[in-house]
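Close look at the chain arrangement
Residue-level listing of the chains:
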Amino acid sequence: MSIRAEIKYKIMKDYGAPALMALQEFKRRKPRPIPEAFGPPLESNKRLKEILSRHYFLSRYVPGVKKVAWVTSGAPVELLRAFDFYTIYPENHSALIGAKKQGADYCGIAEGSGFSQDLCSYARIDLGHMLSGKTPAGKLPKPDLLFCSNNICQTVLYWYKAIAHELDIPLIHFDAPFVTTEQTEADITYMAQQLQDMIPILERVSQRVFYLDVFEDILKCSMETSQTWGAILDAMKAQPAPMTIFDAFGHLAPIVSLRGFPVAQDYYHILMEEVETRVTQGIGAISDERYRLIWDNIAIWYKVRFLATFFAERKMNFVTATYTNAWAETTGYLDVKDPWTSMAKTYGQIILNNNLKHRLELMKKMIKTYAVDGMVMHSTRSCKPYSVGQFDLRKALTADLDLPAVILDADIADERVWSEQQIHTRLEAFCETLEGSRNA
Amino acid sequence: MIPARSEYLKELAQSGQKIMGVLPALYPRELLWAFDIHTAEIWDPPGEILHANAHLQTTICPIVKRSLEFILKEPDVINAGYLFPHTCDSLQNLGTQVKDLIGVSLPVYTFYNPKGSFNTTTTTYYRDILQNFQSSLETSYGPLDSEKLLTACVLSHKIDSHLITIQHARMTDQLPLSNSEFFKLMRAQEYLLPKDYLSLLEQVDILDQPAKTTGARLLVSGILPPTPEILEFLDELGVSVVADDLLAVSRRIPKFPMDPPTSALDYLTDRFFILPPCSTRGGDLDERLYHLSKLMNESQVQGLLFDIVKFCEPELFDHRLLVKTLRERNIPVLTLETELHNHISGQDKTRIEAFTELLFDMVVT
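Residues numbered from 1 in each chain as written. Chains lettered and ligands numbered in written order. Predicted model: local features only at pLDDT ≥ 70, side-chain atom pairs only at ≥ 80, totals over all residues. Heavy atoms only, no water.

1. Focus: a positive patch on the surface
Residue and element names in this part refer to chain A. Where like charges cluster on the molecular surface, the positive patch consists of Arg-32, Lys-49, Lys-101 and Arg-305. In this structure, Lys-49 sits in helix α2 (residues 44-59). Lys-49 gets classed as partly exposed once you look at its relative accessible area, which sits at 43%. (Patch = residues over 30% accessible without salt bridge, like charges linked within 9 Å, V, L, I, M, F, W, Y side chains within 5 Å. Areas by Shrake-Rupley, 256 points an atom, 1.4 Å probe, with all protein chains shown as cover. Salt bridge = Lys/Arg side-chain N within 4 Å of Asp/Glu carboxyl O. Lys, Arg positive; Asp, Glu negative; His and termini not counted. Charge placed at Lys NZ, Arg CZ, Asp CG, Glu CD. Helix = DSSP H or I, 4+ residues; strand = E, 2+ residues; numbered from the N terminus. Buried < 20%, exposed > 50% of the residue type's maximum accessible area, 1.4 Å probe, protein only.)

2. Remarks on the packing of helix α6 (residues 146-171) of chain B against helix α8 (residues 194-202) of chain B
Residue and element names in this part refer to chain B. Between α6 and α8, whose axes approach to 10 Å, the crossing angle comes to 30°. Classified by the angle their axes make, α6 and α8 are roughly parallel. Here α6 runs over α8; the crossing is left-handed. Contact residues: Leu-155, Lys-158, Ile-159, His-162, Leu-163 and Ile-166 in α6; Pro-194, Lys-195, Tyr-197, Leu-198, Leu-201 and Glu-202 in α8. Here the contact of α6 with α8 is composed, by residue class, of eight nonpolar, one polar and three charged. (Axes fitted to C-alpha atoms, helices over the stretch in contact; angles between N-to-C directions. Parallel < 35°, antiparallel > 145°, perpendicular 65-115°, else oblique. Left-handed = near helix turned anticlockwise from the far one by under 90°. Contact = heavy atoms within 4.5 Å. Nonpolar A, V, L, I, M, F, W, Y, C, P; charged D, E, K, R; others polar.)

3. Quick notes on helix α1 (residues 3-27) of chain A
Its 25 residues give α1(A) an end-to-end C-alpha distance of 34 Å, which sits within 8% of 36 Å, the value for a rise of 1.5 Å per residue. Looking at the buried residues of α1(A), the elements they touch are α2 and β2 (86-88) of chain A. (Expected span 1.5 Å × (residues − 1).)

4. Brief notes about the side chain of A:Ser121
Residues and elements named next belong to chain A. Tracing the backbone shows Ser-121 in helix α6 (residues 121-132). In this structure Ser-121 comes out as buried when scored by relative accessible area, which is 0%. Setting aside its immediate chain neighbours within four residues, Ser-121 contacts Cys-107, Ser-382, Asp-411, Ile-412, Ala-413 and Asp-414.

5. Re the nonpolar core
Judged by nonpolar contacts, the single largest core of 291 residues is most densely connected at A:Leu79, A:Tyr122, A:Trp229, A:Trp301 and A:Phe311. Excluding its chain neighbours within four sequence positions, the residues that come into contact with A:Trp229 are A:Ala248, A:His251, A:Leu252, A:Ile255, A:Tyr268, A:Leu271, A:Thr324, A:Trp327 and A:Ala328. (Core = buried A, V, L, I, M, F, W, Y, C linked by side-chain atoms within 4.5 Å.)

6. Looking at unusual backbone geometry
Excluding glycine, residues mostly have negative phi values, and the peptide bonds linking residues are mostly trans. For the peptide bond that leads from A:Gln239 to A:Pro240, omega is 0°, which places it in the cis range. Along the chain, the position of A:Pro240 falls in the loop between α9 (212-234) and α10 (245-251). Following B:Pro24, the chain continues to B:Ala25 via a peptide bond in cis, the omega torsion being 5°. Within the secondary structure layout, B:Ala25 lies in the loop between β1 (18-22) and α2 (29-34). Although it is not a glycine, B:Asp36 adopts a positive phi angle of roughly 60°. Mapping B:Asp36 onto the fold places it in the loop between α2 and β2 (37-41).

7. Notes on the interface of chain B and chain A
Contact residues are listed per partner, giving 49 residues for chain B and 53 residues for chain A. For the pairing of chain B and chain A, the buried interface totals around 4200 Å² over both sides, and the portion due to carbon and sulfur atoms is 58%. If you sort the residues of chain B by the area they bury against chain A, B:Leu101, B:Phe317 and B:Arg320 come out on top, with a joint share of 18%. Across the contact surface, chain B and chain A share three salt bridges. For B:Lys310, the salt bridge goes to A:Asp118, with nearest N and O atoms at 3.1 Å. Taken together, chain B and chain A are joined by 24 residue pairs in polar contact (both at pLDDT 80 or more). Only α4 (89-102), α5 (120-141), α11 (285-299) and α12 (313-328) of chain B provide two or more residues apiece to the side of chain B that touches chain A. Here the element with the most residues in the side of chain B that touches chain A is α4(B); it accounts for 11 residues. For the side of chain B that touches chain A, the residue count by class is 17 nonpolar, 20 polar and 12 charged. (Buried area = accessible area lost by both parts, 1.4 Å probe. Polar contact = N/O pair within 3.5 Å; in protein donor to acceptor, adjacent residues only side chain to side chain.)

8. Things to note about the pairing of strand β7 (residues 303-309) of chain B
Residues and elements named next belong to chain B. Judged by how many residues are buried, β7 sits mostly within the fold: seven of seven residues are covered. Alternating residues of β7 divide into Gly-303, Leu-305, Asp-307 and Val-309 and Leu-304, Phe-306 and Ile-308, and every residue in both groups is buried. Relative to β7, strand β5 (residues 216-222) runs parallel, the two being bridged by five bridges. Looking at the pairing, Val-220 lines up with Leu-305 of β7. As paired elements, β7 and strand β8 (residues 333-338) share six bridges and run parallel to each other. (Pairing = 2+ DSSP bridges.)

9. Describing the packing of aromatic side chains
Counted under the stated rule, the structure contains 33 aromatic pairs over all chains. Aromatic side chains A:Phe310 and A:Phe311 sit 5.2 Å apart centroid to centroid with 75° between the ring planes, which places their arrangement in the edge-to-face category. Comparing A:Phe310 with A:Phe311, the two get one shared label, buried. Considering the side-chain rings of B:Phe182 and B:Phe183, the 5.0 Å spacing of their centres and the 75° angle between planes classify their relative orientation as edge-to-face. (Phe/Tyr/Trp six-rings, centres within 6.5 Å; stacked < 30°, edge-to-face > 60°.)

10. What to know about the environment of A:Asp296
Residues and elements named next belong to chain A. Along the chain, Asp-296 turns up in strand β5 (residues 291-296). Along the sequence, Asp-296 and Thr-320 sit 24 residues apart, while their C-alpha atoms lie 8.8 Å from each other. Not counting the four nearest positions on each side in its chain, Asp-296 is found in contact with Thr-322, Arg-359, Met-363, Val-376, Met-377, His-378, Tyr-386 and Gln-390. At 2.9 Å, the side chain of Asp-296 and the side chain of Gln-390 are in polar contact.

11. Considerations on the sheet that holds β8(B)
Residues and elements named next belong to chain B. Taken in spatial order, the four strands of this open sheet run β6-β5-β7-β8, and their pairing is parallel. Since the sheet does not close on itself, it has two edges, and those belong to β6 (239-246) and β8, each with one partner. Sheet twist, expressed as the average angle between the axes of neighbouring strands with direction ignored, equals 25°. Packed onto the sheet, helix α7 (residues 179-187) meets β5 and β6 and runs at close to 25° relative to β6.

From the geometry alone we can't say anything about function, so treat these as descriptive.
The structure is reproduced here in structure tokens:
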């Protein structure tokens, strides 16, 4: 570690970051007008932006102070926290670029260098960033380590292998066997052992020693954060729901990328408090919630605002999503007293690593408990584990629950895939069906 | 003479043979043989895709679509169920989609293949997976006869040994077979009974001395061999495919000869871990590059043909680096994208011709 880099990092942490936050606050003095269809915006948005901006801002000064790891969203990051890695989430970064409608530019860079257009757009954006150094976040530190788990898809393994080779850095892969019926003892033992096998590698890369008690504290913090996130999502059962799922897509960022840190834990307490107050006072995320919807799959990042407005204007609110639920669903398995086995259970059974029968039952439960009237499924080109099977899930759900549903063919972050006319037609037809079913 | 797939399987089924439909790619066939279950692999069944389109998006690979189309027809030749080895995201989900949502009258089995870099933890786990798979088969077919399993492993070992010899003979011009004939022979293992396949391999004529050849030499990489029409076209052009890095072919044959099995579980475990590197197992890219370079050197090829199945993520991610590295070494590379139709577009024909001209130039120099 360099003393100079450490001093610079400390100055930026204590003075630079607060100054940046103040500047951002100054710039935001004139907030954008809120369309009538929406209720008052969440106050917590401000804090969310602060946390995320600070995280990306400080990452510029971290080389030479802490080791940097690029991590996948489903990887058991708590273990890395015990070695004080500064973690960057390429999926989050790609979503950010997608939301800024710059996905196609970054995908183009990767495609120009030989990556196929048929690959996941999160991966193409990240590879485009890696090859060009471009980022709307200013600058991102190069990783010392890559950490991925195929519990969200096999794609991340292929993608991280490509980065590991390009940058000549170590890759740690956490192999999570797909749950076809239920996890076996062998699956759990295998995953638990892999986690323990990682310790010497992490000690070598980070040049730090592993302390079980430190790790347990991190795990506890992570567990409580996930539980609070789950409670926030539960609060959306209220009618009207205090926030929309499009809000939740944004508020998801800390649970994905800062899980295991007190800052994320504190943040969700603030959000929880605000959401509870709104429920008590009957404040809805949209001004007149008549219909309640469920969203399936990852967000269409470049069309979040469009979709939020489109539905809010029709008095329709997304109150739950399989995607946002993913970081709360399996938290119940975490047990600080039995960290390895419980992490194997938690990370091995998340929705994308679980069979479609499980997903069907989960969705049925969500539809019932959140009093859902209709379903929008995003069939995304980028994510095969999320999308393969959706046609039959839709069929099963509409048949069993008599639920109007629509499938949107799009992509998570490559805006070139969006077909305005086709989507509009499908959405209008869906809304008509939904309104018709209510009238009937 | 290699019997045609559908007629052969039909006759087997009519004779009362238990036949399991197996999707790509890696699975312990010996365990199934020990239960007297024959494995008929489903990679690229012919015919139009009609019903599968109602279940799968347009951006799903043709292997997955064709497999589902085949399953939806509930063919009589498959009577013991379906096995979905864990190969990629799409096949992973197809397994649960067929089992849990679409529903078929036959049992559906799955088999997880560990991913990434391997160590003793992976080896231990693989042994557990084998035992769990054995238990799931025992639920339907009764207790396993361990002698039968060892016999199956011995048979498998003999087949592997012949395949290694044949592949080597192919590289050294000691195998007088055209491209089409060679890959027909390789793919016959997908549906022939192991004893029939072994007998076929035993009949293969291997020359004592390398034949004198003047044509260009090529290595193919991808999931499946090029379609018969492409192989015939390469034959016409005088280009020999002398080595391959195909999932359906050499990536399922051990890298080097193994000792004859004495313990079935040890043999099956060892066999899995000495298979060549493969994109679907998530292995290290350097290892794959090293393996390809070694193959190219040993087979003295002038160029490499990537025949990539459309939308195949595991292959597409590795492809960019492999092509880049080979081009840096001045090795001619051609990439074709296939949807598994047995016809070559005019454009692809021209590209193949131009590519082979380049290979012939290198033969001359």
